[in-house]
Amino acid sequence: MRQLSEKEADLVRGGELITLTLVLTYLAIALVTVAVWKLFEAKKGKLTFPGGFLFEWSAIKFF
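Note that the coordinates shown come from a computational prediction; the quantities given were computed from them, not determined experimentally.

Colleague: What's the story with the pattern of salt bridges in this structure? I'm lost.
Modeller: For side chains of opposite charge, pairing can occur when their charged atoms come near one another. Tallying each qualifying case throughout the model produces one salt bridge. Here Glu8 ties to Arg2 by a salt bridge, and the two come within 2.9 Å at their closest N and O atoms. With relative accessibility at 27%, the residue Glu8 sits in the partly exposed group. Residue Arg2 is classed as exposed on the basis of its relative accessible area of 58%.

And the structure:
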């Protein structure tokens with residue numbers, strides 16, 4: 001293995017993949033957090049995710 005010259009080192013770019021991965025991860029966590037919050041806070045509701053995933057719920061009457 002050899003050491004890169006300054007010119008070669010200037011051509012090396014990194015970090016884009018990890019940045020994109022972190023942004024997408026935070027977005028997914030945010031979507032799940034909102035879905036869970038809606039589920040626990042609402043007595044009745046409907047939630048649709050991209051791709052056709054549909055969730056509906058209503059309050060359960062015990063009496």
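Colleague: Please clarify how the environment of Arg2 should be interpreted in this entry.
Modeller: As for its position among the elements, Arg2 is in the segment before helix 1 (6-11). Once the C-alpha coordinates of Arg2 and Glu16 are considered, the two residues, 14 residues apart in sequence, prove to be 25 Å apart. Among the polar contacts made by the side chain of Arg2, one reaches the side chain of Glu8 at a distance of 2.9 Å.

Colleague: Would you explain the packing of aromatic side chains in this entry?
Modeller: Counting across every chain of the model gives one aromatic pair. Measuring from centroid to centroid gives 6.0 Å for Phe49 and Phe55, while their planes differ by 80°, and the two rings are edge-to-face. We classify Phe55 as partly exposed; its relative accessible area is 43%.

Here is what the cut-offs are and how they apply
- Residues numbered from 1 in each chain as written.
- Predicted model: local features only at pLDDT ≥ 70, side-chain atom pairs only at ≥ 80, totals over all residues.
- Heavy atoms only, no water.
- Salt bridge = Lys/Arg side-chain N within 4 Å of Asp/Glu carboxyl O.
- Buried < 20%, exposed > 50% of the residue type's maximum accessible area, 1.4 Å probe, protein only.
- Helix = DSSP H or I, 4+ residues; strand = E, 2+ residues; numbered from the N terminus.
- Polar contact = N/O pair within 3.5 Å; in protein donor to acceptor, adjacent residues only side chain to side chain.
- Phe/Tyr/Trp six-rings, centres within 6.5 Å; stacked < 30°, edge-to-face > 60°.

This is a description of form; function is not addressed.
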